Amino acid sequence: MPRMPSLEALQRRLEESREAGRNLQLDPLVTRQALARLGVEYQMELVDELEQAIEDSVSQDNKLIFTGHRGCGKSTLLAELGFRLGETNRYFVVMFSIADTIERSAVDHVNVLFSMALQLLEDAERRSIRLQPGIKKGFYRWLGEHTETESKAVEAEIEANTEATVKGGIPVILEFLAKVRSKLKINSVIRQEISIKFARRTSDLVAQINQLQAYIENATKQQVLVIIDDLDKLDLSVTETMFRKNIQSLLDPNCRILYTVPIAILREVAIKTSITTYVNKIHTMRVAKFFSKATVRRLDRVPDVACVEVFEEILARRVPLDLIDEDVRQQIILLSGGVLREFIRISDRCCDKAMLKLRGQIRRQQFEQPDVIVNQQILDEVVTELQIEAAEVLGQADFEALKLIYEQLKLQDMESQRLLDLLHGLYVLEYRNALLWYDLNPIVRDLLVREGVLDGTTA
């Protein structure tokens, strides 16, 4: 006999689904609260590795490059690293998203450095770091001049208040910094002027950063560590230009800096050579690997139990598990290809569809219906939608290239811009551990089967 939920039970179910939907947002976990509520231990050995690299670095190699597929969990991992280093008062950690600071297509090496100076100043203010008034005024005047932001009120405030009463000046200062940040974000003329002004003399910009670093370290007795996240969210051409032509400028500041870069640009020999000329090691966050290269095409393959358990734990933190059919949960995990963002995205869309069905039941007062859960039908609908979205940008040549990757488990032409774009866009996934190999995103693989490009007789 089917269950016969009441209106109250359906409303309760709907609220549970809405809460699950809120927990399935794609944003990384970058606050202590979010990590405590939704975080799970995931690739913590990589946090150890980065911590060690930072601790052991000397001035010649104190820049770190951190890479990995988009959506594999880098930002959350970096937040964990920042908390570990900052909360033990060993480092003055400044972490910011360049994609949130500058309009993405306009990012260049100059405004990355300019944003770094701005962020150092803002974090120093927020943590009430004492800078001598005269020095402090100089920084704000410099910032105001280059962003065409009126700084006289801030300078007057700094002059009127000694360092002992600096808290009285913070609202004015923070309001000023917010204006500067806004101009950097939306004003293309200002950004262009800054880029032109410093393009041939980035040393002036670096000098400002180095001064700020020295004052902060002197005041706090902590080493400055700047983590610049989300460079991997920019267009490949933007990051290629920065790391091919201007890497030296990015490495010039004295402080420890960790840059995140897209994995696709590191498949270009020229760029990788350029980076490894200056950086000892490129640290990579791996995509979770459910299958080995040797077994991935076998129909009787068995996924790695430990990997699956991690993804189950992630889901259990965000969704009441009785909202999703157990077999469907396993399918969602494997359809993610091991990319956390894909896993969250598929789960979220499934919960959205379940909510729509619930709303329909409530509207029609169909209380005699069984409980709505994410079942095979809902998952199939979501997969179809994702396949259609994936197919929108693919041409026949892409299908042929993807077929070759599927058959050979490798990229045929590492310098092909189109293949790098497909790698950057998560159509193709890179797996590593003992071996480096490539496979199709499972959604894309199923799309190729539907299109008749693959015959579907192998996994």
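Presented here is an overview of the structure given in this document. (Residues numbered from 1 in each chain as written. Predicted model: local features only at pLDDT ≥ 70, side-chain atom pairs only at ≥ 80, totals over all residues. Heavy atoms only, no water.)

## Observations regarding the overall build of the chain
Scanning the chain for helices and strands turns up 21 helices and seven strands. Here the chain has a C-alpha radius of gyration of 25 Å; the compact-globule value for 459 residues is 23 Å, and the two agree. For the chain, the C-alpha atoms occupy an extent of roughly 80 × 55 × 40 Å along the three principal directions. Across the chain, every contact between residues at least 6 apart in sequence was considered, and the portion connecting residues at least 24 apart equals 77%. Entry remark: accessible area of the chain is about 20,800 Å², with carbon and sulfur atoms responsible for 50%. Each charge sign in the chain was given a centre, from 60 positive and 69 negative side chains, and these centres are 2 Å apart. (Helix = DSSP H or I, 4+ residues; strand = E, 2+ residues; numbered from the N terminus. Rg over C-alpha atoms; globule rule 2.2 N^0.38 Å. Contact = heavy atoms within 4.5 Å. Areas by Shrake-Rupley, 256 points an atom, 1.4 Å probe, with all protein chains shown as cover. Lys, Arg positive; Asp, Glu negative; His and termini not counted. Charge placed at Lys NZ, Arg CZ, Asp CG, Glu CD.)

## What about the sheet that holds strand β3 (residues 223-229)?
Taken in spatial order, the five strands of this open sheet run β2-β3-β4-β1-β5, and their pairing is parallel. Strands at the two margins of the open sheet, each flanked by one partner only, are β2 (91-97) and β5 (282-285). Within the sheet, the average angular offset between the axes of one strand and its neighbour, ignoring direction, is 20°. Across the sheet, helix α4 (residues 74-87) lies against β1 (63-68), β2, β3, β4 (256-262) and β5, angled at about 160° from β2, the strand it touches most. (Pairing = 2+ DSSP bridges. Axes fitted to C-alpha atoms, helices over the stretch in contact; angles between N-to-C directions.)

## Regarding the nonpolar core
In this structure, V226, I228, F243 and Y259 are the most contacted members of the largest nonpolar core, which totals 85 residues. With ten residues, the single largest contributor to this core is helix α6 (residues 109-126). Residue contacts for Y259: discarding those within four places in its chain leaves L64, I65, F66, V112, M116, I228, L231, F243, L250 and L251. Formed by 64 residues, the second largest nonpolar core is a distinct cluster that contains L85, A288, F290 and I332. (Core = buried A, V, L, I, M, F, W, Y, C linked by side-chain atoms within 4.5 Å. Buried < 20%, exposed > 50% of the residue type's maximum accessible area, 1.4 Å probe, protein only.)

## Quick look at unusual backbone geometry
In this structure, N89 is a non-glycine residue whose phi angle is positive, near 60°. By secondary structure assignment, the location of N89 is in the loop between α4 and β2. When its relative accessible area of 53% is taken as the criterion, N89 is described as exposed. Phi at L426 takes a positive value of approximately 70°, unusual for a residue other than glycine. Among the structural elements, L426 can be located in the loop between α20 (417-424) and β6 (428-431).

## Section: the packing of aromatic side chains
This model, assessed by the stated rule, comprises ten aromatic pairs. For the ring pair F114 and F198, a centre distance of 6.4 Å and an interplane angle of 45° mean the geometry is tilted. Separated by 84 residues along the polypeptide, F114 in helix α6 and F198 in helix α10 (residues 188-199) bring together distant segments of the chain. When sorted by exposure, F114 lands in the same class as F198, which is buried. (Phe/Tyr/Trp six-rings, centres within 6.5 Å; stacked < 30°, edge-to-face > 60°.)

## Considering the side chain of N23
Of note, N23 is situated in helix α1 (residues 7-23). Judged by its relative accessible area of 7%, N23 is buried. Reaching out from N23, the side chain makes a polar contact with the side chain of R37 at a distance of 2.9 Å. Those residues in contact with N23 that lie beyond four places of it in its chain are R37, L38, R317 and R318. (Polar contact = N/O pair within 3.5 Å; in protein donor to acceptor, adjacent residues only side chain to side chain.)

## Quick notes on the packing of helix α12 (residues 236-245) against helix α14 (residues 269-278)
Look at α12 against α14: their axes get within 8 Å of each other, and the N-to-C directions meet at 50°. Classified by the angle between their axes, α12 and α14 sit oblique to one another. For the pair α12 and α14, the crossing hand works out as left-handed. Here E240, F243 and R244 of α12 lie close against α14, whose contacting residues are A270, I271, S274 and I275. (Parallel < 35°, antiparallel > 145°, perpendicular 65-115°, else oblique. Left-handed = near helix turned anticlockwise from the far one by under 90°.)

## A few points about the environment of L394
Inspection of the secondary structure puts L394 in the loop between α18 (376-391) and α19 (396-408). On a C-alpha basis, the gap between L394 and L422 in space is 9.5 Å, while along the polypeptide they are 28 residues apart. With residues near it in sequence (within four places) discarded, L394 still touches F399, L402, R418, L422, Y427 and L447.

## Comments concerning the pattern of salt bridges
Proximity of charged atoms lets side chains of opposite charge pair with each other. Enumeration over the complete set of coordinates arrives at 34 salt bridges. For the salt bridge of R84 with D48, the shortest nitrogen-to-oxygen distance reads 2.8 Å. In this pair, R84 is assigned in helix α4 and D48 in helix α3 (residues 44-56), connecting sequence segments 36 residues apart. The exposure class assigned to R84 is partly exposed, which follows from its relative accessible area of 22%. Assessed through its relative accessible area of 39%, D48 is described here as partly exposed. Note that R127 is salt-bridged to D123, the shortest N-O span being 3.0 Å. On the basis of relative accessibility, which here comes to 11%, the residue D123 falls in the buried class. (Salt bridge = Lys/Arg side-chain N within 4 Å of Asp/Glu carboxyl O.)

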